[in-house]
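Tertiary structure, described
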Amino acid sequence: TVEDFWRFKNSLPAPSDIFFTVNSPKMKFTDREVDGYSLFKKGIRPEWEDPANRNGGELFCRKTIDSRDLDLVYETLLLGMIGETIDDGDDICGCRIVDKSRNGRPLYRIELWFKRDEENVKEYLKKNVHQVLRRFLLTEHRSHRSQGYNK
């Protein structure tokens, strides 16, 4: 339900709470820094090797973005995924943000993973992401098949 989603989402830290920002370093979990944050459908791991991702791909961008915008983009992607405004079918596997910050400069990779790496699927998702986010953002593409996991 919508209530279950918000209860779940509100119990998690926002990306800006765990990633590098101008005002704070990355969050540490035991002895490691957190550099990825993802939400995938039940039973799908955020790995190229997962059977649901193996023949798919991802739309992504690498962007310097302030922490408030990062949180808003992530929340908007989540709402677009669960509300089926980005994909009214079953192509989306999940989304992920990776902290690529270096030398005091916040930089993030924002990714939307999908099951079928087909031109019509990519263009459909790209168009819908643009409408949901109200800006062109996820304009680059990477195929998971090219990563050698399509065996």
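Conventions used here
- Just so you know, the residues in each chain are numbered from 1, in the order the chain's sequence is written.
- This being a predicted model, a pLDDT of at least 70 is required before a residue's local features are given, and a value of 80 or more before pairs of side-chain atoms are given or counted; all residues contribute to the totals for chains, interfaces and linings.
- Heavy atoms throughout the structure, all of them, feed into the side-chain values; hydrogens and water do not.
- Secondary structure elements are taken from DSSP: a helix is a run of H or I of four residues or more, a strand is a run of E of two residues or more, and numbering for both begins at the N terminus.
- The buried label goes to any residue with under 20% of its type's maximum accessible area, the exposed label to any with over 50%, and the partly exposed label to all in between, with areas taken from a 1.4 Å probe on protein chains only.
- Contact definition: two residues touch when any of their heavy atoms are within 4.5 Å.
- Only Phe, Tyr and Trp rings are paired, with Trp represented by its six-membered ring, and only when their centres lie within 6.5 Å; those with planes under 30 degrees apart are stacked, over 60 edge-to-face, the remainder tilted.
- For a ring to carry a charge above it, either NZ of a lysine or CZ of an arginine must fall within 6 Å of the ring centroid while also lying within 35 degrees of the normal to the ring plane.
- Among buried residues, those of type Ala, Val, Leu, Ile, Met, Phe, Trp, Tyr and Cys that are joined through side-chain atoms within 4.5 Å constitute a nonpolar core.
- All axes here are fitted lines through C-alpha atoms, helices being fitted over the stretch that makes contact, and every angle between N-to-C directions spans 0 to 180 degrees.
- Our angle categories are set so that under 35 degrees counts as roughly parallel, over 145 as roughly antiparallel, 65 to 115 as roughly perpendicular, and the remainder as oblique.
- If you view the pair so one helix is near and one far, a crossing is left-handed when the near helix is turned anticlockwise from the far one by less than a right angle, and right-handed when it is turned clockwise.
- Under this grouping Gly is polar, as are all residues other than the nonpolar Ala, Val, Leu, Ile, Met, Phe, Trp, Tyr, Cys and Pro and the charged Asp, Glu, Lys and Arg.
- Each reported salt bridge corresponds to a side-chain nitrogen of Lys or Arg within 4 Å of a carboxyl oxygen of Asp or Glu.
- How far a helix is expected to stretch is found by multiplying one less than its residue total by 1.5 Å.
- Directions pointing from the helix axis toward each C-beta atom define the arc.

Assigned secondary structure in the protein chain consists of four helices and seven strands. Moving toward the C terminus, one meets the helices and strands of the protein chain in the order α-α-β-β-β-β-α-β-β-α-β. Going through the 151 residues of the protein chain one by one, you find that 42% of them count as buried. When contacts within the protein chain are restricted to residue pairs at least 6 apart in sequence, long-range pairs at least 24 apart make up 69% of them.

This part covers the packing of aromatic side chains. As enumerated under the stated definition, the model contains five aromatic pairs in all. Geometrically, the ring pair formed by phenylalanine 5 and tryptophan 6 is edge-to-face, given 5.2 Å between the ring centres and 70 degrees between the ring planes. Overall, the relative accessible area of 11% leaves phenylalanine 5 in the buried class. The rings of Phe19, Tyr37, Tyr74 and Tyr108 are connected pair by pair, giving a single aromatic cluster. Directly above the ring of phenylalanine 60 sits arginine 142, whose terminal nitrogen or CZ lies 6.0 Å from the centroid.

One non-glycine residue with positive phi stands out, namely glutamate 84, at about 60 degrees. Relative to the helices and strands, glutamate 84 resides in the loop between helix 3 (67–82) and strand 5 (92–99). The class of glutamate 84 is partly exposed, set by a relative accessible area of 47%.

Another aspect to go through is the nonpolar core. By size, the foremost hydrophobic cluster in this structure holds 29 residues, and its most contacted members are Phe19, Leu77, Ile110, Leu112 and Leu138. Looking at this core, the elements with two or more residues in it are strand 3 (36–40), strand 4 (57–63), helix 3, strand 5, strand 6 (108–114) and helix 4 (119–133). Considering every element that reaches this core, the biggest residue donor is helix 3, with six residues. Those residues within four positions of leucine 77 in sequence are excluded, and the remaining contacts are Ile86, Cys95, Ile110, Val129, Leu133 and Leu138.

Here helix 1 (residues 2–10) crosses helix 3 at 155 degrees, and the two axes come no closer than 12 Å. Comparing the axis directions of helix 1 and helix 3 gives the class roughly antiparallel. Judged by the twist between their axes, the crossing of helix 1 over helix 3 is right-handed. Of helix 3, the residues touching helix 1 (which contributes Phe5, Trp6 and Lys9) are Glu75, Leu78, Leu79 and Ile82. Residue composition of the contact of helix 1 with helix 3, by class: five nonpolar, no polar and two charged.

So, on to the pattern of salt bridges. Following the criterion strictly, the structure yields 15 salt bridges and no others. In this structure, the salt-bridge partner of glutamate 47 is arginine 45, at a minimum N-O distance of 2.9 Å. Classification of glutamate 47 as partly exposed rests on a relative accessible area of 33%. Among the salt bridges present, the one from aspartate 50 reaches arginine 45, with a minimum N-O distance of 3.5 Å. Residue class for aspartate 50 comes out buried when judged on its relative accessible area of 3%. Among the residues examined, arginine 45 registers a relative accessible area of 41% and is labelled partly exposed. Three or more residues are tied together by salt bridges with common partners; here these are Glu58, Arg96, Arg109, Glu111 and Arg142.

Here we take up helix 4. For helix 4, built from 15 residues, the straight-helix expectation of 21 Å at 1.5 Å per residue is met to within 8% by its first-to-last C-alpha distance of 21 Å. Of all the residues in helix 4, the buried ones are Val121, Lys122, Leu125, Asn128, Val129 and Leu133. Considered in projection along helix 4, the buried side chains sweep an arc of 140 degrees and stay on one side of the axis. Those residues of helix 4 that are buried lie in contact with strand 4, helix 3, strand 5, strand 6 and strand 7 (140–143). Looking at the residues trailing helix 4, positive phi occurs at arginine 134, about 65 degrees.

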